[in-house]
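Coordinates in review
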Amino acid sequence: MRQTEAYVFGYGSLVAGAARVATLRGFRRVWGVAMDNRVAVPGYKVYELPDGTRPPVDVAFLDLEPDAATTVGGGLLAVDATALAGLDARERQYRRIDVTAAVAPAPGAPVWAFVGRAPGRARVARGRAGGDEVVLQRAYVELVEAAFAGLGPEHLARYRASTEPPPFPVLELARVEPRQG
């Protein structure tokens, strides 16, 4: 069994691996960061339509925005240094911030959260302004809802009540991982 050195506050897909339910004060959950699916970055995923083509769109994900009057429900994922480094690499559209003081109940170890980097947030802002096409991946939307449902019906209801409805089209997109080798 690995030693827990810290926690990551999951508010989207990371809720699926969370061991403990928690609340984060001072933030709200939004569809606020997107990756550019037009560019194949070595070692990073892309998304394809069912016909195998890669659409020239930005693919959006959940993000946190500061909001002193709001709380976000989610879960704490126990991590050691190796797991945290893996998440840092995986969450390349995000940067990690310390949210220890804003988490309840306090877990007795540092707590990190991933928030959108400026380029990913700019892609969403352009999409909201009608400048670029931004979409959501149906499997991601369903994964997040299933993760909250797994915590219990009250957690799914709270997630839905505290998260804006998807502001972009939801498409059937297959996540394609980079080839190893």
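Residues numbered from 1 in each chain as written. Predicted model: local features only at pLDDT ≥ 70, side-chain atom pairs only at ≥ 80, totals over all residues. Heavy atoms only, no water.

**Observations concerning the pairing of strand 2 (residues 20-36)**
One ladder, built from 15 bridges, connects strand 2 with strand 4 (residues 58-79); its direction is antiparallel. Across the sheet, residue Thr23 finds its bridge partner in strand 4, namely Gly73. For strand 2 and strand 6 (residues 103-104), the ladder comprises two bridges, and the chain directions are antiparallel. Counterpart to Leu24 in the pairing with strand 6 is Val103. (Pairing = 2+ DSSP bridges. Helix = DSSP H or I, 4+ residues; strand = E, 2+ residues; numbered from the N terminus.)

**Re the packing of aromatic side chains**
If you walk through the whole model with that rule in mind, you get four aromatic pairs. Judged by centre distance (5.0 Å) and plane angle (85 degrees), the rings of Phe61 and Tyr140 are edge-to-face. Of the two residues, Phe61 sits in strand 4 while Tyr140 sits in helix 3 (residues 138-151), which places them 79 residues apart along the sequence. Tyr140 sits in the buried class, given a relative accessible area of 10%. Ring geometry for Phe148 and Tyr159: centres 4.7 Å apart, planes at 20 degrees, overall stacked. With Phe148 in helix 3 and Tyr159 in helix 4 (residues 153-162), this residue pair connects regions lying 11 residues apart in the sequence. The class of Tyr159 is buried, set by a relative accessible area of 4%. Put simply, the rings of Trp31, Tyr47, Phe61 and Tyr140 pair up and form one aromatic cluster. Here Arg96 stacks its cationic end above the ring of Trp112, 4.5 Å away from the centre of that ring. (Phe/Tyr/Trp six-rings, centres within 6.5 Å; stacked < 30°, edge-to-face > 60°. Buried < 20%, exposed > 50% of the residue type's maximum accessible area, 1.4 Å probe, protein only. Lys NZ or Arg CZ within 6 Å of the ring centre and 35° of its normal.)

**Brief notes about helix 1 (residues 81-90)**
If you check which residues of helix 1 are buried, you get Ala83, Leu84 and Leu87. Each buried residue of helix 1 lies within a common arc of 100 degrees when the element is viewed along its axis, so the set occupies one face. For helix 1, the exposed residues lying more than 90 degrees away from the buried face are Thr82 and Ala89. Buried residues along helix 1 sit in contact with strand 1 (6-10), strand 4, strand 5 (94-98) and strand 7 (111-116). Taking the backbone nitrogen of Thr82 as reference, a side-chain oxygen 3.2 Å away marks Asp80 as the first, capping residue of helix 1. (Arc of directions from axis to C-beta. Contact = heavy atoms within 4.5 Å. Polar contact = N/O pair within 3.5 Å; in protein donor to acceptor, adjacent residues only side chain to side chain.)

**A look at the environment of Val8**
Tracing the backbone through its elements, the reader meets Val8 in strand 1. On the accessibility criterion, Val8 (0% relative accessible area) is buried. Setting aside residues up to four positions removed in sequence, Val8 forms contacts with Leu14, Gly75, Leu76, Leu77, Val79, Leu84, Leu87, Trp112 and Phe114.

**Observations regarding helix 3**
Spanning 14 residues, helix 3 covers 20 Å between terminal C-alpha atoms, matching the ideal 20 Å at 1.5 Å per step. Restricting attention to buried positions, one finds in helix 3 the residues Tyr140, Val141, Val144, Ala147 and Phe148. Along helix 3, the residues classed as buried sweep out an arc of 130 degrees about the axis, all on the same side. Looking at the buried side of helix 3, the elements it contacts are strand 2, strand 4, strand 8 (134-137) and helix 4. (Expected span 1.5 Å × (residues − 1).)

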